[in-house]
Each structure stands twice: as C-alpha cells, then as structure tokens.
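Residues per chain are reported as follows:
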Amino acid sequence: MTSGGSVLALYPPPAQERPLAGLYLDHDVRRLGHARAPFVYTNFIVSLDGRIALPRPSGNGMGVPRSIANPRDWRLFQELAVQADVIVTSSGHLRETAAGRVRELVEVYDKAEFRDITDWRGERGLSPYPDYAVMSRDLDFPIAPRLLSDGRRVIVATTAAADPVRMRALEEAGAEVFLAGEEDVAGSRFIDGLAGRGYGIIYSAAGPRVHHTLLADGVIDRLYLTTANRLLGGEVYDPLVSGSLLGGGVSMTPASLCLDLGALDGAGQLLAMYERDT
Ligand SMILES: NC(=O)c1ccc[n+]([C@@H]2O[C@H](COP(=O)([O-])OP(=O)(O)OC[C@H]3O[C@@H](n4cnc5c(N)ncnc54)[C@H](OP(=O)(O)O)[C@@H]3O)[C@@H](O)[C@H]2O)c1
C-alpha cells in the first residue's frame with residue numbers, strides 16, 4: 001500500500017482512525033522552537049529486533065534495511081523534514097549523495113503525492129528546502145553542488161583536531177565550517193552553533209553515532225520512532241544509538257502512538273513519538 005489510507009491513533013485516548021497523510025504535519029513543530037531556544041527532533045525506522053541499518057546487498061556500506069523501508073514511513077519522514085530550518089545528516093550520507101547512490105532527503109518536489117507537504121512549507125513562507133548540517137572529525141566527503149542550489153547552505157561542525165586542508169577544501173566547495181569540540185564534536189556546541197546561525201527548528205536524520213552525541217548532551221527534544229513489525233536478525237547491524245553508556249539512561253515519555261496496518265504487506269508498524277523528560 002502507498003501513503004494513503006488511515007492509521008489507528010491509540011494514544012492519547014480515545015483511540016480513533018485518522019488519515020496517515022498529515023499525521024506529523026499536524027504536530028507543527030515550528031511552534032516549538034526558535035533560534036534563541038532551538039527545538040531538536042529526530043526520526044528513525046527500526047525493526048522489531050532493533051536494527052536501523054544492515055549491510056547493503058550490493059556490498060556498498062550500510063543502509064536502511066529494504067525489508068522495513070516503506071512508502072508510508074517515507075511520507076512521514078518527508079512531513080517531518082519540511083518543517084525544519086536545517087536537517088542534520090552525516091558524512092556518509094553526503095558521500096552517498098555525491099555518488100548519486102541515495103535520494104535527496106527532501107523529496108517532496110519530485111512526487112505529486114507529496115503536494116500537500118510542499119504546500120505546507122510554501123504557506124509558511126519558508127525557502128523551498130531546509131539547509132543541511134553535518135558533524136565530522138574526518139571531513140572526508142564532498143559537497144554535491146545540488147545541495148547548495150536554491151539558496152541552500154551546508155554547515156559543517158568539526159573539531160580542533162581536524163585537518164585544516166580538508167577544512168579549507170570544504171569551505172572552497174561552499175560549506176560553512178565551524179569548530180564545536182576538541183577531539184569530538186560536542187552535541188551542545190553543535191546545536192549552539194546552529195542556533196547562532198539562525199536555526200531554530202533542527203531535524204536530525206543522521207544515524208546512531210550522531211544520535212548518541214546529541215543524546216549525551218541532552219539536546220534531543222523529541223524522538224519519532226517507527227517500529228516495523230518485522231524481525232531481521234543478522235550479526236552486523238546499526239542500532240538506534242551507538243556509543244558509550246548514557247549515564248543512567250535517557251528517559252523519553254511517549255506522547256503519541258499510532259498503529260499503521262497499511263505498511264509492510266499487512267505486518268504493519270507502530271508510529272511513536274517520545275518527548276524528553278525535562
Ligand atoms: N533506519 C533509520 O531510520 C536510519 C536513520 C539514520 C541513519 N540510518 C542508517 O544508519 C547507518 C549509519 O548512519 P550514518 O553514517 O548516516 O550516521 P552516524 O552513524 O550517526 O554518523 C557517523 C558519522 O558522524 C560523525 N560523527 C558522529 N558523532 C560525532 C562526533 N561526536 N564528533 C565528530 N563527528 C561525529 C562521524 O563522521 P566522520 O567519520 O566524518 O568523522 C561519523 O563517522 C547508515 O546506513 C544510515 O543509512 C538509518
């Protein structure tokens with residue numbers, strides 16, 4: 001099934017059917033932050049056994065497992081992405097983008113079925129695309145020229161230990177580079193640096209290491225989590241968070257939960273949204 005049809009909204013009660021389309025546009029995260037107090041949200045799809053990425057069948061690195069990726073989750077990804085001022089991605093994703101191996105993170109202009117999502121952004125007077133931001137120690141990635149089209153900016157946060165030659169090369173390619181840590185980028189310095197550049201609504205679409213960096217500094221406000229009702233197995237995989245123990249753990253309070261039986265040939269998925277305990 002595609003991204004039409006309904007989901008069963010289970011929480012908060014009362015349970016009711018509602019259209020999938022618009023589910024996350026209605027959250028209107030733009031009301032929740034501004035550059036002086038940025039709002040940071042992230043989004044993952046995960047298998048029932050906790051995999052967010054597996055080795056690609058082509059042998060080319062890791063990717064979202066094809067057996068859980070689906071158009072209904074992708075639509076919700078788009079609904080979240082268009083609400084952002086800036087999308088946090090990863091060096092790996094920028095390499096894949098430059099090599100033409102992955103699609104644009106914001107795909108709304110390419111598909112008629114996303115017209116309402118495009119309109120949502122247009123009606124708010126926003127530029128067509130959010131900008132991109134990335135954190136990196138190695139700075140070993142190119143900037144695909146199309147990421148700088150339509151007035152978009154690419155912001156790179158790195159460390160004092162980073163290679164100055166690579167830093168300059170990225171600047172010459174059009175990126176704006178700033179330091180946000182000594183050996184590692186610190187999550188709070190990263191977000192402060194983005195806020196200082198005027199970004200108030202920050203969507204992290206990066207993977208488990210960036211997620212860890214942001215969680216470790218307590219700067220994630222909201223987690224959108226699609227749990228695909230499939231177990232995948234496999235010895236090599238990426239989990240939702242990757243890095244050292246997070247102290248006593250980071251508590252996230254469930255704020256909404258929907259059951260979507262339209263995905264994955266009827267196996268379905270749970271669409272949850274969690275907010276950070278304050
Ligand atoms: N299922 C899902 O919803 C989902 C969502 C996102 C990603 N994924 C998948 O997960 C896999 C891994 O994701 P990813 O590589 O995009 O993201 P990632 O693992 O979060 O990012 C890794 C890179 O981010 C940089 N980094 C992270 N923390 C840093 C810090 N504190 N300081 C400096 N640099 C830091 C490093 O870049 P450098 O190496 O350049 O130093 C590191 O290699 C991919 O296959 C992706 O497709 C799945």
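Values in this document were obtained by computation on a predicted structure and should not be read as measured data.

This brings us to unusual backbone geometry. Excluding glycine, most residues fall at negative phi; most peptide bonds, likewise, are trans. For the peptide bond that leads from Tyr-11 to Pro-12, omega is 0°, which places it in the cis range. With respect to the helices, strands and loops of the structure, Pro-12 is situated in the loop between β1 (6–11) and β2 (16–19). That bond from Pro-13 to Pro-14 is cis: its omega, 0°, falls within 30 degrees of zero. The residue Pro-14 is located in the loop between β1 and β2 in this model. Phi is positive for Leu-139, which is not a glycine, with a value near 55°. As for its position among the elements, Leu-139 is in the loop between β7 (131–135) and β8 (154–158). Unusually for a residue other than glycine, Leu-264 sits at a positive phi of about 55°. Among the residues examined, Leu-264 registers a relative accessible area of 9% and is labelled buried.

Taken together, the four bridges between β8 and strand β9 (residues 176–179) define a ladder with parallel strand orientation. Across the sheet, Ile-155 pairs through a bridge with Glu-176, a residue of β9. Crossover handedness for the path β8 to helix α4 (residues 164–172) to β9: right-handed.

Moving on, we get to the site of the ligand. Within the structure, the ligand sits among 23 residues, and Ser-90, Ser-136, Arg-137, Arg-209 and Val-210 are positioned closest to it. At 3.0 Å, a backbone N or O of Gly-207 approaches an oxygen atom of the ligand. Between the ligand and Val-210 there is a distance of 2.8 Å, counted from an oxygen atom to a backbone nitrogen or oxygen. Burial of the ligand by the protein chains amounts to 85% of its free accessible area of 910 Å².

Next up on the list: the nonpolar core. Judged by nonpolar contacts, the single largest core of 45 residues is most densely connected at Tyr-41, Ile-87, Phe-141, Val-156, Leu-170, Tyr-203 and Leu-271. For this core, the leading source of residues is helix α1 (residues 71–81), giving five residues. Every residue in contact with Leu-170, bar those within four places of it in the chain, is listed here: Leu-139, Phe-141, Ile-143, Val-156, Ala-175 and Val-177. Counting residues in hydrophobic clusters, the runner-up holds 21 residues, among them Ala-133, Ala-180, Phe-190 and Ile-191.

This next bit is on helix α5 (residues 187–196). Turning to α5, its buried residues are Gly-187, Phe-190, Ile-191, Gly-193, Leu-194 and Ala-195. In the stretch just after α5, Gly-198 is the one whose phi turns positive, near 95°.

One can find Arg-51 in the loop between β3 (39–47) and β4 (54–55). Within the structure, Arg-51 has its side chain in polar contact with the backbone oxygen of Gly-233 (distance 2.8 Å). Residues contacting Arg-51, with those up to four places away along its chain left out, are Ile-45, Val-46, Ile-68, Leu-232, Gly-233, Gly-234, Tyr-237 and Asp-238.

On to α1, then. An α-helix turns once per 3.6 residues; consequently, residues spaced three or four apart project the same way. Buried residues dominate α1, accounting for ten of its eleven residues. Burial in α1 covers these residues: Arg-72, Asp-73, Trp-74, Arg-75, Leu-76, Phe-77, Gln-78, Glu-79, Leu-80 and Ala-81. Of the residues flanking the start of α1, the one acting as N-cap is Asn-70, its side-chain oxygen 3.1 Å from the backbone nitrogen of Arg-72.

Here the focus is the packing of aromatic side chains. Counting across every chain of the model gives six aromatic pairs. Ring plane angle 75° and centroid distance 6.4 Å describe the contact between Tyr-41 and Tyr-224, whose orientation is recorded as edge-to-face. Taken together, the residues Tyr-41 in strand β3 and Tyr-224 in strand β11 (residues 222–228) connect sequence positions 183 residues apart. Note on accessibility: Tyr-41 and Tyr-224 belong to one class, buried. For the pair Phe-77 and Tyr-203, a centre-to-centre distance of 5.5 Å together with 55° between the ring planes defines the contact as tilted. Of this pair, Phe-77 sits in helix α1 while Tyr-203 sits in strand β10 (residues 201–204); the two residues are 126 residues apart in sequence, bridging distant segments of the chain. Both residues of the pair, Phe-77 and Tyr-203, belong to the buried class. Joined through ring pairs, the aromatic side chains of Tyr-24, Phe-39, Tyr-41, Trp-74, Phe-77, Tyr-203 and Tyr-224 make up one cluster. A cation over an aromatic ring shows up here: Arg-51 above the ring of Tyr-237, its NZ or CZ 3.7 Å from the ring centre. Directly above the ring of Phe-178 sits Arg-197, whose terminal nitrogen or CZ lies 4.3 Å from the centroid.

The rules we used
- Residues numbered from 1 in each chain as written.
- Predicted model: local features only at pLDDT ≥ 70, side-chain atom pairs only at ≥ 80, totals over all residues.
- Heavy atoms only, no water.
- Helix = DSSP H or I, 4+ residues; strand = E, 2+ residues; numbered from the N terminus.
- Buried < 20%, exposed > 50% of the residue type's maximum accessible area, 1.4 Å probe, protein only.
- Pairing = 2+ DSSP bridges.
- Right-handed = clockwise from strand over helix to strand, strands pointing away.
- Near = heavy atom within 4 Å.
- Polar contact = N/O pair within 3.5 Å; in protein donor to acceptor, adjacent residues only side chain to side chain.
- Areas by Shrake-Rupley, 256 points an atom, 1.4 Å probe, with all protein chains shown as cover.
- Core = buried A, V, L, I, M, F, W, Y, C linked by side-chain atoms within 4.5 Å.
- Contact = heavy atoms within 4.5 Å.
- Phe/Tyr/Trp six-rings, centres within 6.5 Å; stacked < 30°, edge-to-face > 60°.
- Lys NZ or Arg CZ within 6 Å of the ring centre and 35° of its normal.

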